[in-house]
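Per-entry structural report
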Amino acid sequence: MSAANSAHSVVEPSGYAKLIAGSLVAFYALISLVPLVWIGLTSIKTPTDSIHYPPKVIPFVEFQPSIEGYCNLFSTRSRQTTEYIQSLPPPQGACETITRARGMVVAGPSNYVPRYINSLIIAFGSTFLSIALGTAAAYAFSRFKVPLKDDLMFFILSTRMMPPIAVAIPIFLMYRELGLSDTRLGMILLYTSVNVSLAVWLLKGFIDEIPREYEEAAMIDGYTRLQAFRKVVLPQAVTGIVATAIFCLIFAWNEYAFAVLLTSGAAQTAPPFIPIIIGEGGQDWPAVAAGTVLFLVPILIFTVLLRQHLLRGITFGAVRK
Amino acid sequence: MAEVVLQQVSKAFGSVEAVKNLSLTIADGEFVALLGPTGVGKTTTLRLVAGLETPDAGRVFIGGRDVTQAPPAARDVTFVFQQYSLYPHLTVFENLAFPLRAPTRRLPEEEIRRIVSEVARMLRIDTKLGNKATQLSGGQMQRVAIGRALVRRPAIALMDEPLSSLDAKLRADLRVELKRIQQDLRTTILYVTHDQMEAMTMADRIGVLENGRLVQVGTPREIYENPVSAYVAGRLGQPAINLVPRAVLGEWNAPLDAALVGLRTEHVQLHRRSKLRATVPGDISARVKRIEHLGDQNHLHLAVGEHDLVMLADPALVFHDGETVDLRLENPLFFNAEGHRIA
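Residues numbered from 1 in each chain as written. Chains lettered and ligands numbered in written order. Predicted model: local features only at pLDDT ≥ 70, side-chain atom pairs only at ≥ 80, totals over all residues.

Taken residue by residue, the interface counts 15 residues in chain A and 18 residues in chain B. Those elements that place two or more of their residues in the side of chain A that touches chain B are α11 (213-220) and α12 (225-254) of chain A. Per element, the largest residue contribution to the side of chain A that touches chain B is six residues, and it comes from α11 of chain A. Looking at the side of chain A that touches chain B, its residues break down into eight nonpolar, four polar and three charged. (Contact = placed C-beta atoms within 7 Å. Helix = DSSP H or I, 4+ residues; strand = E, 2+ residues; numbered from the N terminus. Nonpolar A, V, L, I, M, F, W, Y, C, P; charged D, E, K, R; others polar.)

Dropping the structure here:
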């Protein structure tokens, strides 16, 4: 071994250390991915295969993949007599073929798409509101002499101290009175009120890190405080805002308890809808799994697109000078 | 470029009085340095002129206009901070153009490009205009910040220790450059520093601050030769002036109420003991404790009784540790018990 190779560096991990670290990460990823893989596999099984014991795991070997779950997710079906089905014009598309093979015909679209759209509107709407309000509040708390600042900050934090579901019944009654039950606006306001405290606290940390000299310089350079905020503070806070937005979005997207309680039709989100997809003879597991897989997609895209900000954001605010 | 007047300005933060009843006039084109240690109210004074703070009492005039309540944007000032002088999310070009693009100015883009490239040439950074500000070295960043502040031709440029985060070599270079640009453009500058070298070399006048009060204003020479108090005398001079209780110097014809004697190198004649020279009455005998060799000069540490003195000494003179020398005083500075100058 040459001298250069045997030189030991404190900061650069050795190949051996990298190997161990890599294996640990891979092992952890494998365990974390098992439920996701399971759901993915279930979504491409037939209903019979999905409840088969011992489970069929390897596609094309143990079971033949099918898009039946996805077909059932998007449609409602009704059972018909063989004579009636044979009297129909030839099936259009793979889904109709599968449905007819089961002795049923497609009766119409399911509620999955509208529920999914509700989820998108409510989650992104409340995230946007939380971030907008949170950034404004955090900036004020960070830069101005707010009377009772510490008490107010504690009060904002204290709204997170009990589980939100503990106030479910008062909110339910309140929403009924206000006509907010089962409306998108109601759900957006509800998720915003839960998320805004998190947003204020996280963003205050980020904005505290931005030296106020920058705004002062901008104000001296001929900008008003609001313009300085927009031109100088916001661009530097992007990392923090993105990280906070992802946290808010994940909460609002996945929230289940309030959604079950407060929505039933027009504003129902996907989480309470997916588990109650019923097929003939009980739960339609492939359809439920398919609904779940598609439900994961937006968060996955959002997080992957913004992952660099997320990584920097999580560690950035933590370092105090 | 304009005359700037501070009229009996005071500012307190809670119970801390940062600036007390401060009056100062900065003439058009003048370079005034505020000198004092940390926490003495220098930066607050600067921020009061900039409009980043509003005074509790007193008024601020820029070019004859009362701007006491005016927002920073309406004052036509520039400010160079000690750190964080450039916007990190913008390129060097965008940084230089930022003030020119302000809504209050709205210069045509053509004009902005012309001004920026002119500044860049002057600062010798024309090749770096496309770089992110964070890709510059500390010295380059500070040079851009200073250039930007001067070239906008403000009524007054305010500088808060702009060189103190740089290393010694760079600081010396930029000191010369800053003075050159200031003279070329005839910019009015109020400059805050705790570094006597910067104040001495660049300022037309120095204002010395003590606990929020402006205790003396004058040319560097005046402040050095004729300080009003022991505190002011301690601000200038390297090595620092020796403040010795009068009693240490023995029976000696000092003014009656003199409590402290201020001794700089030029106030003391140093004689080696030798058989050829008789000790003159009134001479003070001192013992050489240590010699610091700084190349072009020596710092001579002397002990007079229990008291230590530091003097400059000709490097050609060789002293030995423990050697006894005679000191003869020539027109030293006298201060009373409160530290005020009496002779």
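In this section: the environment of H271 of chain B. Within the fold, H271 of chain B resides in strand β13 (residues 268-272). Separated by 57 residues in sequence, H271 of chain B and R328 of chain B have C-alpha atoms that sit 8.0 Å apart.

Residues and elements named next belong to chain B. Inspection of the sheet shows strand β1 (residues 4-13) paired to strand β2 (residues 16-26) by seven bridges, in the antiparallel sense. Across the sheet, the residue bridging to F13 is V16, located in β2. A loop of two residues connects β1 with β2, the two strands running antiparallel in sequence, and G14 in this loop sits at a positive phi of about 60 degrees. (Pairing = 2+ DSSP bridges.)

This part covers helix α3 (residues 109-123) of chain B. Residue and element names in this part refer to chain B. Along its 15 residues, α3 runs 21 Å from first to last C-alpha, staying within 8% of the 21 Å computed at 1.5 Å per residue. Residues of α3 that are buried: V116, V119, A120 and L123. Summarising the axial view, the buried residues of α3 lie within an arc of 100 degrees, below the 170-degree limit, and thus occupy one face. Away from its buried face, by an angle of more than 90 degrees, α3 presents the exposed residues E110, E111, R114 and R121. Where the residues of α3 are buried, they touch α2 (92-97) and α4 (138-151). After α3 finishes, the residue R124 shows a positive phi value of roughly 55 degrees. (Expected span 1.5 Å × (residues − 1). Buried ≥ 20, exposed ≤ 12 C-beta atoms within 10 Å, placed from the backbone. Arc of directions from axis to C-beta.)

Okay, unusual backbone geometry next. Leaving glycine out, the prevailing phi sign among residues is negative, and the prevailing peptide bond configuration is trans. With omega at -5 degrees, the peptide bond leading from Y53 of chain A into P54 of chain A counts as cis. Tracing the backbone through its elements, the reader meets P54 of chain A in the loop between α3 (47-50) and α4 (68-74). In this model, Q238 of chain B is joined to P239 of chain B through a cis peptide bond whose omega is 0 degrees. Along the polypeptide, P239 of chain B turns up in the loop between α8 (230-235) and β11 (242-245). With a phi angle near 55 degrees, D182 of chain A is a residue other than glycine that sits in the positive phi range. For D182 of chain A, the position within the fold is in the loop between α9 (168-178) and α10 (184-209). According to the C-beta neighbour criterion, D182 of chain A is partly exposed, with 16 such atoms within 10 Å. Phi is positive for D76 of chain B, which is not a glycine, with a value near 55 degrees. Looking at the secondary structure, you find D76 of chain B in the loop between β5 (65-66) and β6 (77-80).

The subject of this paragraph is the sheet that holds β11 of chain B. All names here are of chain B. Taken together, the three strands give an open sheet; going across it, the order is β11-β12-β18, and neighbouring strands pair in antiparallel fashion. Of all the strands in the sheet, just β11 and β18 (333-335) have a single pairing partner and so form its edges. Geometrically, the sheet is characterised by an average inter-axis angle of 30 degrees between neighbouring strands, direction not taken into account. Alignment of β11 against strand β12 (residues 260-263), held across four bridges, turns out to be antiparallel. Looking at the pairing, V244 lines up with V261 of β12. (Axes fitted to C-alpha atoms, helices over the stretch in contact; angles between N-to-C directions.)

Let us now look at the domain arrangement of chain B. All names here are of chain B. In terms of domain boundaries, chain B breaks down into domain 1 (4-86 + 136-235) and domain 2 (242-335). Using only C-alpha atoms to locate each centre, domain 1 and domain 2 end up separated by 36 Å. Residue-level contacts link four residues of domain 1 with five residues of domain 2. Grouping the amino acids of the side of domain 1 that touches domain 2 by side-chain chemistry returns three nonpolar, one polar and no charged. (Domains from an automatic or database assignment.)

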